[in-house]
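Summary of the model geometry
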Amino acid sequence: MANGDRTVLQFSTQSTANFSAEVHPLVIFNICDCYVRRPDQAERVIGTLLGSVLSDGTVDIRNSYAVPHTESADQVALDIEYHHNLLVSHQKVNPKEVIVGWYSTGLGVTGRSALIHDFYSREVPNPVHLTVDTGFRNGEGTIKAYVSVNLALGDRQLASQFQEIPLNLRMVEAELLGFDILKTTSVDKLPTDLEGMEVTMQRLLALIDDIYKYVDDVVEGRVAADNSIGRFISDTVAALPKLSPPAFDKLVNDSLQDQLLLLYLSSITRTQLALAEKLNTAAQIL
Amino acid sequence: MAASSTARSFLQVAATEEVVSPLRVVQIEGLAILKIIKHCKEFSPALVTGQLLGLDVGSVLEVTNCFPFPIREEDEEIEADGANYQLEMMRCLREVNVDNNTVGWYQSTILGSYQTVELIETFMNYQENIRRCVCIIYDPSRSNQGVLALKALKLSDSFMELYRTNNFTGEKLREKNLSWVDIFEEIPIKVSNSALISAFMTELESDTPVAQCDYDRLQLSSNPYMERNMEFLIECMDDLSMEQQKFQFYYRNLSRQQAQQQAWLQKRRSENMARKAAGEEPLPDEDPTNPIFKPIPEPSRLESFLITNQIANYCNQINGVAGQSFNRLYLMKSLHDN
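Residues numbered from 1 in each chain as written. Chains lettered and ligands numbered in written order. Predicted model: local features only at pLDDT ≥ 70, side-chain atom pairs only at ≥ 80, totals over all residues. Heavy atoms only, no water.

1. A word on the overall build of chain A
Scanning chain A for helices and strands turns up 8 helices and 12 strands. Every one of the 286 residues in chain A was classed for burial, and the buried ones make up 39%. In chain A, of all internal contacts separated by at least 6 residues, the share reaching a separation of at least 24 is 59%. Surface accessibility of chain A: about 16,300 Å² in total, with carbon and sulfur atoms responsible for 56%. (Helix = DSSP H or I, 4+ residues; strand = E, 2+ residues; numbered from the N terminus. Buried < 20%, exposed > 50% of the residue type's maximum accessible area, 1.4 Å probe, protein only. Contact = heavy atoms within 4.5 Å. Areas by Shrake-Rupley, 256 points an atom, 1.4 Å probe, with all protein chains shown as cover.)

Pasting the structure below:
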């Protein structure tokens with residue numbers, strides 16, 4: 001085929017086909033904290049993302065740190081030495097976390113971001129750019145991830161385009177903590193075991209009530225019956241093991257007795273401790 | 001003239017010492033908690049430590065950030081490295097306006113077995129430099145049960161004084177009325193978050209009404225956890241009985257020594273009587289060179305106190321888990337009935 005005058009604009013899409021990113025909640029906390037603490041004259045915060053690249057091409061973003069920078073109309077200066085120092089320090093603790101990209105606060109990608117992205121692509125083959133909109137400009141906090149794709153016209157580099165990649169927010173760790181603690185600006189005391197249990201059971205009760213109401217509605221004809229939901233419900237109810245009442249009672253009672261035994265043992269131990277301590281310190285040499 | 005009566009002179013103010021208000025609450029930011037959890041979980045079951053940074057304000061100790069320590073090998077040169085690492089981290093964090101004021105350290109633990117002499121020594125080390133420091137203990141194994149096992153500890157003042165003199169005999173302890181519960185003081189924790197974070201979290205909260213922590217809490221199998229707890233408890237009881245034996249040994253030796261002393265004294269006295277009858281100088285009543293007069297050192301009770309604390313901790317944990325299990329079992333029972 002003649003390579004004469006016609007050149008084709010190439011989009012190299014094969015590398016971004018299955019690229020996606022997963023963000024741990026710690027990263028978002030870090031970014032927000034750095035944003036809140038930024039120096040007065042800076043309007044946005046820039047920092048490095050640390051993590052690892054999983055085997056299926058997903059980028060797992062686990063940690064981050066802010067890098068001081070100065071920005072003017074068309075120039076960006078990044079404190080590279082600081083960036084390297086912190087990287088070395090972080091890697092002393094966790095050598096598996098490497099640079100996977102960089103983040104900046106604020107919506108959208110600007111021209112200056114391309115320069116910074118260039119810098120980071122010298123460190124890592126395909127850096128991910130994360131933007132966290134702390135200004136809530138769209139009425140919600142948007143978090144987006146981009147990778148840059150080079151637009152080439154034949155042999156000439158035209159521009160790099162920031163293509164958005166699917167982002168998965170892993171909130172599992174935050175969930176473990178309980179969103180109640182993280183949502184409000186202050187929590188007076190951490191919930192104890194039993195209080196947490198109570199909250200959980202209340203939630204379960206609410207769920208059961210919802211299902212009950214839904215089934216009632218369907219039976220009365222108020223709501224159209226959805227077969228898949230009905231199947232789910234019947235599956236759930238069928239998941240309870242079919243034990244005869246005496247067998248089930250025995251099971252429950254056995255477990256109860258085990259727990260009681262342990263409680264008794266621990267109470268005995270504590271009494272023993274109190275006694276031992278009294279004996280130890282009360283003994284006098286006459 | 002009017003000023004001196006109402007305002008104190010500069011000298012007076014400088015002379016009065018600041019009254020240290022007692023520490024009542026530790027206020028941690030959600031960011032610090034997440035970092036601690038992440039670090040401890042990643043390296044579990046190895047035990048890791050890290051530094052806490054924050055501010056000391058009145059009766060509240062605020063922890064705003066933290067950074068982990070690398071796992072240290074037992075090597076001489078790494079000592080200096082560790083200090084360098086710390087300085088480097090603090091310097092870098094200072095540049096991004098993070099409070100780089102050390103307020104304590106955190107460490108992870110397994111099943112609550114953290115009361116060791118090293119903990120106390122670390123506390124004393126920190127106390128020399130910082131007026132108020134706190135130690136946060138995080139237990140990743142308990143957090144699998146759906147509970148956030150985070151504790152803030154501080155050494156009680158009376159214990160610290162006693163430790164400085166390194167005197168743990170029975171009389172001293174009775175004097176100060178110090179028992180094993182008084183060694184560590186647990187301080188309640190408050191969590192605070194910046195408004196921006198809470199806005200984000202409110203939005204990013206998943207819509208499902210049930211979260212992962214609920215799944216963990218409603219899990220029926222707590223047996224492996226209880227088993228490990230019991231194992232630790234039994235080991236500790238063994239240690240405690242060893243300590244008790246040491247005491248018994250000491251007391252037996254002491255009483256035997258006293259009996260020997262009495263016997264020797266009797267002999268001396270009868271000798272003296274004989275000599276007086278013979279008209280010679282009576283020998284002194286005591287003989288400091290005789291080995292039976294050497295005072296036997298009383299073993300320190302510190303170990304037994306720590307072990308006792310440990311055991312109490314395990315018992316508490318067992319109680320907590322047992323309580324949860326009761327709830328779950330009754331719940332299951334009622335569900336099945338319906």
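So, next bit.
2. Quick word on helix α3 (residues 30-43) of chain B
Every α-helix carries 3.6 residues per turn, so stepping three or four residues along brings you back to the same face. All names here are of chain B. The end-to-end C-alpha distance of α3, which contains 14 residues, comes to 20 Å, matching closely the 20 Å that a straight helix rising 1.5 Å per residue would cover. Most of α3 is tucked away, with 12 of its 14 residues classed as buried. If you check which residues of α3 are buried, you get G30, L31, A32, I33, L34, K35, I36, I37, K38, H39, C40 and F43. (Expected span 1.5 Å × (residues − 1).)

3. What about empty space enclosed by the protein?
Applying the stated criterion across every chain, the model contains 5 cavities of 30 Å³ or more. Within this model, the largest cavity holds a volume of roughly 350 Å³. A:N63, A:S64, A:H90, B:K35 and B:P68 are the residues nearest the centre of the largest cavity, which is lined by 28 residues in total. Elements supplying a minimum of two residues to the lining of the largest cavity: α1 (25-36), β4 (58-67) and α2 (80-93) of chain A together with α3, β3 (60-68) and α4 (76-95) of chain B. The residue inventory of the lining of the largest cavity, partitioned by class, reads 16 nonpolar, 7 polar and 5 charged. (1 Å grid on protein atoms, 1.4 Å probe; cavity = no way out; pocket = protein on both sides within 12 Å on 5 of 7 lines; lining within 4 Å. Points joined across faces, edges and corners; volume = space filled by probe spheres on them. Nonpolar A, V, L, I, M, F, W, Y, C, P; charged D, E, K, R; others polar.)

4. Quick look at the environment of B:I189
One can find B:I189 in strand β8 (residues 189-192). In this structure, the C-alpha to C-alpha distance between B:I189 and B:V25, residues 164 residues apart in sequence, is 5.9 Å.

5. Structural notes on the packing of α1(A) against helix α9 (residues 195-204) of chain B
Packing of α1(A) against α9(B) leaves a shortest axis separation of 9 Å and a crossing angle of 150°. Here α1(A) is positioned roughly antiparallel relative to α9(B), judged by the angle of their axes. Two packed elements cross with a definite hand, and for α1(A) against α9(B) that hand is right-handed. Along its contact with α1(A), which presents A:I28, A:F29, A:C32, A:Y35 and A:V36, the element α9(B) presents B:L196, B:I197, B:F200, B:M201 and B:L204. Here the contact of α1(A) with α9(B) is composed, by residue class, of 10 nonpolar, no polar and no charged. (Axes fitted to C-alpha atoms, helices over the stretch in contact; angles between N-to-C directions. Parallel < 35°, antiparallel > 145°, perpendicular 65-115°, else oblique. Left-handed = near helix turned anticlockwise from the far one by under 90°.)

6. What to know about a negative patch on the surface
Residue and element names in this part refer to chain B. On the surface, E227, E231, E235, D238, D239 and E303 cluster together to form a negatively charged patch. Here the element with the most residues in the negative patch is helix α11 (residues 223-278); it accounts for 5 residues. Tracing the backbone through its elements, the reader meets E303 in helix α12 (residues 302-337). (Patch = residues over 30% accessible without salt bridge, like charges linked within 9 Å, V, L, I, M, F, W, Y side chains within 5 Å. Salt bridge = Lys/Arg side-chain N within 4 Å of Asp/Glu carboxyl O. Lys, Arg positive; Asp, Glu negative; His and termini not counted. Charge placed at Lys NZ, Arg CZ, Asp CG, Glu CD.)

7. Side note on the nonpolar core
Ranked by internal contacts, the top residues of the largest apolar core, which has 82 residues, are A:L130, B:I28 and B:L52. Contacts of B:I28, omitting those with residues within four sequence positions, involve B:I33, B:V63, B:I136, B:L150, B:I189, B:K190, B:V191 and B:S192. (Core = buried A, V, L, I, M, F, W, Y, C linked by side-chain atoms within 4.5 Å.)

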